[in-house]
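# Observations on the three-dimensional arrangement
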Amino acid sequence: MIISQLKGGLGNQLFQYAAGYAVAKKWQTDLKLDVLYLHNRSKRSEFFSYRNYALDYFNISAPIASNKEILSFTIPMTMNRKLHHFLCKLMFFGKVYPEKKYTIDEIPCHAYMIGYWQQPTIFSTYLPDLSREFSIKKDFISSPTD
């Protein structure tokens, strides 16, 4: 299973989905989405813009990952930030794949992806599939009024 962490606005979420989709297709495994970062409204920098999950408008096939699935890869942020990052490095080495340390080719079939992954070459092989995934749901298309 591949879990892709979503954060940022619509464009970032589309890139994160596309990268996770490409890795999941490569390994013929499931893709699930982690939206916990988007739901977290804890205090951050004064310049931080909170974002909502923005992929509801599209015909994406990946479901939202359950808390149990996410916890199989990560540790929840319920403690001191430095201690949290230390424990993540210590306990989950090899399961979490941040974009800053790994290329898309280094991600195995059971991974949690963190990053923005904004290189189109990552998912160029799957553009026909992604154009179907990113088509707008009919529910959100308004019909012209007479």
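What comes next concerns the included structure. (Residues numbered from 1 in each chain as written. Predicted model: local features only at pLDDT ≥ 70, side-chain atom pairs only at ≥ 80, totals over all residues. Heavy atoms only, no water.)

Now for the packing of aromatic side chains. Within the structure shown, the criterion is met by seven aromatic pairs. Ring geometry for Phe15 versus Phe123: centroids 6.0 Å apart, planes at 55 degrees, classification tilted. Within this pair, whereas Phe15 is found in helix H1 (residues 10–27), its partner Phe123 is found in the loop between strand S4 (111–114) and helix H5 (127–133), the two being separated by 108 residues in sequence. You can call Phe123 buried: its relative accessible area is 10%. With a centroid separation of 6.2 Å and 70 degrees between ring planes, the pair formed by Phe58 and Phe134 is classed as edge-to-face. (Phe/Tyr/Trp six-rings, centres within 6.5 Å; stacked < 30°, edge-to-face > 60°. Helix = DSSP H or I, 4+ residues; strand = E, 2+ residues; numbered from the N terminus. Buried < 20%, exposed > 50% of the residue type's maximum accessible area, 1.4 Å probe, protein only.)

Two side chains bearing opposite charge may form a pair once their charged atoms approach each other closely. The full count for this structure, using the stated rule, is two salt bridges. Salt-bridge contacts for Glu69 lead to Lys32; the nearest nitrogen and oxygen are separated by 2.7 Å. Of this pair, Glu69 sits in helix H3 (residues 67–71) while Lys32 sits in strand S2 (residues 31–34); the two residues are 37 residues apart in sequence, bridging distant segments of the chain. Taken as a pair, Glu69 and Lys32 share a single burial class, namely buried. In this structure, the salt-bridge partner of Asp129 is Arg132, at a minimum N-O distance of 2.5 Å. Here Asp129 pairs with Arg132, and both are found in helix H5, just three residues apart, close to one helical turn. (Salt bridge = Lys/Arg side-chain N within 4 Å of Asp/Glu carboxyl O.)

Relative to the helices and strands, Gln13 resides in helix H1. A relative accessible area of 0% means that Gln13 is categorised as buried. Separated by 3.0 Å, the side chain of Gln13 and the backbone oxygen of Asn52 make a polar contact. Once residues within four sequence positions are removed from consideration, Gln13 is found in contact with Leu6, Lys7, Gly8, Leu38, Asn52, Tyr53, Ala54 and Leu55. (Polar contact = N/O pair within 3.5 Å; in protein donor to acceptor, adjacent residues only side chain to side chain. Contact = heavy atoms within 4.5 Å.)

Across the sheet, four strands lie side by side as S2-S1-S4-S3; this open sheet has parallel pairing. Looking at the sheet topology across the chains shown, the edges are occupied by S2 and strand S3 (96–98). Each strand of the sheet is rotated relative to its neighbour by a mean of 25 degrees, with strand direction disregarded. Direction of pairing for strand S1 (residues 2–5) relative to S4: parallel, over a ladder of three bridges. By the bridge assignment for S4, Ser4 is matched with Met113. Strand contacts of H1: S1, S2 and S4, with the helix running at about 170 degrees to S1, the strand carrying the most contacts. (Pairing = 2+ DSSP bridges. Axes fitted to C-alpha atoms, helices over the stretch in contact; angles between N-to-C directions.)

Moving on, we come to the pairing of S4. As judged from the three bridges shared by S3 and S4, these two strands associate in the parallel manner. The residue bridging Val96 from the neighbouring strand is Tyr112, located in S4.

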